[in-house]
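The chain contents come next:
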Amino acid sequence: MLPGLHHVTAFAGDAQTNLDFYTRVMGLRLIKRTVNFDDPGTYHFYFGDANGTPGTILTFFPWPAAPPGVAGAGQAAGVSFAVPKSSLEAWTDRLRKAGIPVTGPRTRFGEEFIAFHDPHGLPVELFASAPESANAPDDPSIVRLHSATLCEADPQRTFAALEDTLGFRYVSNEGDRTRFDVAGTPLDVVAMPGAGRAKPSAGSVHHIAWRVANREEQDEWRAKLVEAGLRVTRVIDRQYFRSIYFREPGGVLFEIATDGPGFFIDEINPGESLKLPPWLEPIRASIERRLAPLEAVR
Ligand code: ZN
């Protein structure tokens, strides 16, 4: 069984705005500042908890001149985090003070949540579903990713892949939303019959990544997905984890990423400096010239 989410990756606009919002307002730690290994002229920011724990990580490719994405079928809706049970009021205050309009609280499958858009239009939800911190009862900090939501024009094909191939279990329905679960992580499928395809750009999710413990498990998953007729990439070295990618039948890009080796392999204070994988170090100077300079990173 897949043990839950590893990370969610989305597109942003201006890099500095993205960095400031997720560190200063959302209180996440910048755990890695690198580039998109497939497009080294673009930053790749990783945010997460202090330890960069898989399951807490949200990453961005900032595209300074990107137009807003167009929502539609074949994409993940946004990002959902779990926060301590009594923290929604504190979050609403903090976000409004930062100029972010907030809606809710509303309830989904029995859990209260608030919703807003980040400065580049990415839909974000905060679910009051995590226990209070025993050490700091008033600490509203994000605890982990809560769930993922897929938007699908023809959800039946996705249901079949989730249950028959990927090991998800059906939970229940609420309106046009069908909930599945794997190892305690909810995955919702929202039916959008007749909807056009999403056009991903700033404020859109690029892919969602599921965890595996190690390479052996990843190899087993790869074989299983190939056998099920899905087109899966080779294993790709992402420096901090190893990845395979495939599209579920509705078109949403899924990744399966290993927990290790993790974000501490190349710096003691992750996020402090621009890190490049060994194969990009020889062209560091030209990469740095193409990237927008950033103000001090906390
Ligand atoms: Zn990824």
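Keep in mind it's a predicted model, so treat the numbers as computed, not measured. (Residues numbered from 1 in each chain as written. Predicted model: local features only at pLDDT ≥ 70, side-chain atom pairs only at ≥ 80, totals over all residues. Heavy atoms only, no water.)

(A) Structural view of the coordination of the zinc ion. Those donors, His7 (NE2), His207 (NE2) and Glu255 (OE), are the protein atoms that reach the zinc ion, and they lie 1.9 to 2.0 Å from it. All donors of the zinc ion belong to a single chain; written as a sequence motif, their spacing is H-x199-H-x47-E. On the criterion of sequence distance, the pair formed by His7 in strand β1 (residues 5–12) and Glu255 in strand β17 (residues 253–261) is long-range, its members being 248 residues apart. For the pair shown, His7 and Glu255 are each scored as buried. (Donors = N, O, S within 2.8 Å, 3.2 Å for Na, K, Ca; no water. Helix = DSSP H or I, 4+ residues; strand = E, 2+ residues; numbered from the N terminus. Buried < 20%, exposed > 50% of the residue type's maximum accessible area, 1.4 Å probe, protein only.)

(B) Summary view of the pattern of salt bridges. Evaluation of the coordinates by the stated rule reveals twelve salt bridges. Of the charged contacts, one joins Asp20 and Arg24 as a salt bridge, the two residues approaching to 3.8 Å between their closest N and O atoms. Of this pair, Asp20 and Arg24 both sit in helix α1 (residues 15–25), four residues apart, roughly one helical turn. In this structure, Arg179 and Asp188 form a salt bridge, with 2.6 Å as the shortest nitrogen-oxygen distance. (Salt bridge = Lys/Arg side-chain N within 4 Å of Asp/Glu carboxyl O.)

(C) Representation of helix α4 (residues 215–227) within the structure. In this model α4 runs 18 Å from its N-terminal to its C-terminal C-alpha over 13 residues, within 8% of the 18 Å that 1.5 Å per residue would give. Taken together, the buried positions of α4 are Gln218, Trp221 and Leu225. Angularly, the buried residues of α4 cover 60° about the axis, an arc narrow enough to put them on a single face. For α4, the exposed residues set more than 90 degrees away from the buried face come down to Glu216, Glu220 and Glu227. Considering only its buried residues, α4 is in contact with α3 (155–165), β14 (205–212), β16 (241–247) and β17. You can read the cap of α4 off the contacts: a side-chain oxygen lies 3.2 Å from the backbone nitrogen of Glu216, and it is on Asn214. Remark: Gly229 follows α4 within two positions and exhibits a positive phi of approximately 90°. (Expected span 1.5 Å × (residues − 1). Arc of directions from axis to C-beta. Contact = heavy atoms within 4.5 Å. Polar contact = N/O pair within 3.5 Å; in protein donor to acceptor, adjacent residues only side chain to side chain.)

(D) Seen up close, the layout of surface pockets. In this structure, the largest pocket encloses a volume near 490 Å³. For the lining of the largest pocket, the elements supplying multiple residues, two or more each, are β5 (75–76), β6 (79–84), β7 (103–108), β8 (111–117), β9 (123–130) and β10 (144–152). It is β10 that provides the largest number of residues to the lining of the largest pocket, a total of four residues. In the lining of the largest pocket, the residues fall into 17 nonpolar, 13 polar and four charged. (1 Å grid on protein atoms, 1.4 Å probe; cavity = no way out; pocket = protein on both sides within 12 Å on 5 of 7 lines; lining within 4 Å. Points joined across faces, edges and corners; volume = space filled by probe spheres on them. Nonpolar A, V, L, I, M, F, W, Y, C, P; charged D, E, K, R; others polar.)

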